[in-house]
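Each chain, written out:
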Amino acid sequence: MTQDELKQAVAKAALDYILPKLEKDSIVGIGTGSTANYFIDALAEHQDLFDGAVSSSQTSEDRLKGHGIPVYDLNSTGSFEFYIDGADETNERLELIKGGGAALTREKIVAACAKEFICIADDSKMVDLLGAFPLPVEVIPMARSYVAREIVKLGGDPVYRDGVVTDNGGVILDVHNLAIKSPMELESKINQLTGVITNGLFALRPADTLLLGTKNGVQTLKAK
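Cut-offs used in this document
Residues numbered from 1 in each chain as written. Predicted model: local features only at pLDDT ≥ 70, side-chain atom pairs only at ≥ 80, totals over all residues. Heavy atoms only, no water. Pairing = 2+ DSSP bridges. Helix = DSSP H or I, 4+ residues; strand = E, 2+ residues; numbered from the N terminus. Buried < 20%, exposed > 50% of the residue type's maximum accessible area, 1.4 Å probe, protein only. Polar contact = N/O pair within 3.5 Å; in protein donor to acceptor, adjacent residues only side chain to side chain. Contact = heavy atoms within 4.5 Å. Core = buried A, V, L, I, M, F, W, Y, C linked by side-chain atoms within 4.5 Å. Patch = residues over 30% accessible without salt bridge, like charges linked within 9 Å, V, L, I, M, F, W, Y side chains within 5 Å. Areas by Shrake-Rupley, 256 points an atom, 1.4 Å probe, with all protein chains shown as cover. Salt bridge = Lys/Arg side-chain N within 4 Å of Asp/Glu carboxyl O.

> Explain the sheet that holds strand β4 (residues 89-90) here, please?
What holds strands together in a sheet is hydrogen bonding between their backbones, with the strands either parallel or antiparallel. If you trace the three strands from one edge of the open sheet to the other, you get β4-β5-β11, paired in antiparallel fashion. Both outer strands of the open sheet, β4 and β11 (201-202), are each paired with one neighbouring strand and no more. Relative to β11, strand β5 (residues 96-97) runs antiparallel, the two sharing two bridges. Along β11, the bridge assignment pairs Ile97 with Leu201.

> What's the story with the side chain of Asn91 in this structure? I'm lost.
In this fold, Asn91 is placed in the loop between β4 and β5. Residue classification places Asn91 among the buried residues on the basis of a relative accessible area of 3%. A distance of 2.8 Å separates polar atoms of two side chains, one belonging to Asn91 and the other to Glu95. Apart from residues lying up to four places away in sequence, Asn91 is in contact with Met126, Val127, Asp128, Leu130 and Pro183.

> Which parts of the structure should I look at to understand the nonpolar core?
Soluble, globular proteins show a tendency: their nonpolar side chains are buried together. In this structure, Ile18, Val28, Phe39 and Ile84 are the most contacted members of the largest nonpolar core, which totals 26 residues. The element that contributes the greatest number of residues to this core is helix α1 (residues 3-18), accounting for seven residues. Counting 20 residues, the second largest nonpolar core, distinct from the first, contains Leu130, Val147, Ile190 and Leu201.

> I would appreciate a short explanation of a nonpolar patch on the surface in the present structure.
Among the surface-exposed residues, Ile140, Met142 and Ile197 lie close enough to one another that they form a single nonpolar patch of about 320 Å² accessible area. You can see Ile197 is positioned in strand β10 (residues 196-199). With relative accessibility at 32%, the residue Ile197 sits in the partly exposed group.

> Just to check I follow, could you spell out the pairing of strand β12 (residues 209-214) for this structure?
Side chains on a regular strand alternate between the two faces of the sheet. The buried fraction of β12 amounts to six of the six residues, a majority that puts the element mostly inside the structure. Alternating residues of β12 divide into Thr209, Leu211 and Gly213 and Leu210, Leu212 and Thr214, and every residue in both groups is buried. Direction of pairing for strand β6 (residues 114-122) relative to β12: parallel, over a ladder of five bridges. Residue pairing for β12: Cys119 is matched across the bridge by Leu210. For β12 and strand β13 (residues 217-222), the ladder comprises six bridges, and the chain directions are antiparallel. Opposite Gly213, over in β13, you have Val218 as the bridge partner. The hairpin formed by β12 and β13 contains two residues between the paired strands.

Okay, structure coming up:
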């Protein structure tokens, strides 16, 4: 199977996972990226079974609305049952690196409000040690150079993602050359740097369920 076919397979698996549990007043949390897009397109065929969605990015919101799915402000919905999103890397504990699409802050907020965070990914994203994918860090623009210097002290090599401004008005530093042995500890350390909005480690709030696309079918993994 191609990578796109694997993404489509896990999107379909996520749909099958949540459909029996949806109710007319259900709100579904939706992430950002190519795999999430496949899920949005599949979900649209069943929009009579739920109320609407909350979205982690303007791009996903536009796609949902294009299908006629109502998109609600998170402040008006409170908590909800499911958040479905992809990942740039995952380990066996379902700790993730996310933020390749620069939506990491809103993704963290939506994930925090969900009772179950369902990650959908193909098996190329499964790693033993997080960090081969550069770790995105969203920063207030005036703090970019300061935060970069502090990240160097932590052993990383930060590179400014030129031309990218997030939905929150932040900028992105992509941190290379990290071997992330203690994801929760590093997530906390980087988040405590003055000027950081958040970073792309999802370890303090990892995924609860991983639907992993492989050549032998979709595997379901639970957080350990």
